[in-house]
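Residues per chain, in single letters:
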Amino acid sequence: MKQEFIKIRTYKDIIISSVILAAGFFQSFFTEIVPLQITGYLFIIIGVILFFTLKSRYRNVETGELFDKKVKFFDISQKSVILAALENDPKQIDMNLEGKGSGVILDIFFNQNDAYVQAYTFCSGQYEPNGEMRHFTAAQVAKMVQFRK
């Protein structure tokens, strides 16, 4: 079963763009200082652009569930170790090696219950998928989606 994710706009995205847009309207129409009006017009433009482009979550096309996404980069020398860990247990991936290269990329879509992981390797000038997208529980990939301190 092939998993497909699409980017969607959330309430947070709409609120951020609306606040910037409203600040621009107030600043440009309720002041008589020309530099502040110009800044207000700039805020209006930024708010409109953000409204149409800001999409921060992902929806699974089949199930309709919402997911967040993390991308992890690894050196190409770790390819066999990472692919073997994805077949058995993703907790075995050494996250201390993350960020030390870009030969292998892991796209991790996760929410409170489920997670999907897709590995890509750099080959012939582009990233090619390595196998199918794998399904895990959120507990299995918890170490992979933690923020660095």
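See the structure shown above.
Description of the structure in this document. (Residues numbered from 1 in each chain as written. Predicted model: local features only at pLDDT ≥ 70, side-chain atom pairs only at ≥ 80, totals over all residues. Heavy atoms only, no water.)

Before going further, it helps to examine a nonpolar patch on the surface. Together, Tyr-11, Ile-14, Ile-15, Val-19, Val-48, Phe-51 and Phe-52 line one region of the surface with nonpolar side chains, adding up to about 720 Å² of accessible area. For the nonpolar patch, the secondary-structure elements that each account for two or more residues are helix H1 (11-29) and helix H2 (34-53). At 4 residues, the largest contribution of residues to the nonpolar patch is made by H1. By the secondary structure assignment, Ile-14 is in helix H1. (Patch = residues over 30% accessible without salt bridge, like charges linked within 9 Å, V, L, I, M, F, W, Y side chains within 5 Å. Areas by Shrake-Rupley, 256 points an atom, 1.4 Å probe, with all protein chains shown as cover. Salt bridge = Lys/Arg side-chain N within 4 Å of Asp/Glu carboxyl O. Helix = DSSP H or I, 4+ residues; strand = E, 2+ residues; numbered from the N terminus.)

Turning our attention to the packing of H1 against H2. The N-to-C vectors of H1 and H2 enclose an angle of 160°; their axes lie 7 Å apart at closest approach. By the angle class used here, H1 and H2 are roughly antiparallel. Every pair of crossing elements has a handedness; the one defined by H1 and H2 is left-handed. Packed against H1, whose contacting residues are Ile-14, Ser-17, Ile-20, Leu-21, Ala-23, Gly-24, Phe-25, Gln-27, Ser-28 and Phe-29, the element H2 presents Leu-36, Gln-37, Thr-39, Gly-40, Tyr-41, Phe-43, Ile-44, Ile-46, Gly-47, Val-48, Leu-50 and Phe-51 at the interface. Here the residues of the contact of H1 with H2 sort into 14 nonpolar, 8 polar and no charged. (Axes fitted to C-alpha atoms, helices over the stretch in contact; angles between N-to-C directions. Parallel < 35°, antiparallel > 145°, perpendicular 65-115°, else oblique. Left-handed = near helix turned anticlockwise from the far one by under 90°. Contact = heavy atoms within 4.5 Å. Nonpolar A, V, L, I, M, F, W, Y, C, P; charged D, E, K, R; others polar.)

The next point concerns the side chain of Thr-31. The residue Thr-31 is located in the loop between H1 and H2 in this model. For Thr-31, a relative accessible area of 16% gives the class buried. There is a polar contact of 3.4 Å between the side chain of Thr-31 and the backbone nitrogen of Ile-33. In contact with Thr-31, other than residues within four places in its own chain, are Phe-26, Leu-36 and Gln-37. (Buried < 20%, exposed > 50% of the residue type's maximum accessible area, 1.4 Å probe, protein only. Polar contact = N/O pair within 3.5 Å; in protein donor to acceptor, adjacent residues only side chain to side chain.)

Turning next to the pattern of salt bridges. Enumeration according to the criterion identifies 3 salt bridges in this entry. Asp-68 is paired through a salt bridge with Arg-57; the nearest N and O atoms lie 2.9 Å apart. Of the two residues, Asp-68 is situated in strand S3 (residues 66-74) and Arg-57 in strand S2 (residues 57-60); the sequence distance between them amounts to 11 residues. Residue classification places Asp-68 among the partly exposed residues on the basis of a relative accessible area of 29%.

Below, the discussion takes up the sheet that holds S2. Across the sheet, 6 strands lie side by side as S1-S2-S3-S4-S5-S6; this open sheet has antiparallel pairing. The sheet is open, and its two borders are formed by strand S1 (5-8) and strand S6 (126-137), each paired with just one other strand. Ignoring which end each strand starts from, the neighbouring axes of this sheet average 35° apart. Direction of pairing for strand S4 (residues 104-110) relative to strand S5 (residues 114-123): antiparallel, over a ladder of 7 bridges. When the sheet's bridge partners are listed, Asp-107 is paired in S5 with Gln-118. Running over the sheet, helix H3 (residues 79-88) touches S3, S4, S5 and S6 and is turned about 30° from S6. (Pairing = 2+ DSSP bridges.)

Of all hydrophobic cores here, the largest spans 17 residues; its most connected members are Leu-86, Ile-93, Leu-106, Val-117 and Met-144. Of all the elements, S4 adds the most residues to this core, at 4 residues. The contact partners of Val-117, leaving out residues within four places of it in the chain, are Leu-86, Leu-106, Asp-107, Ile-108, Glu-132, Met-133, Arg-134, Phe-136, Val-141 and Met-144. Among the nonpolar cores identified, the runner-up in size contains 6 residues, and Tyr-58, Phe-67, Tyr-116 and Met-133 belong to it. (Core = buried A, V, L, I, M, F, W, Y, C linked by side-chain atoms within 4.5 Å.)

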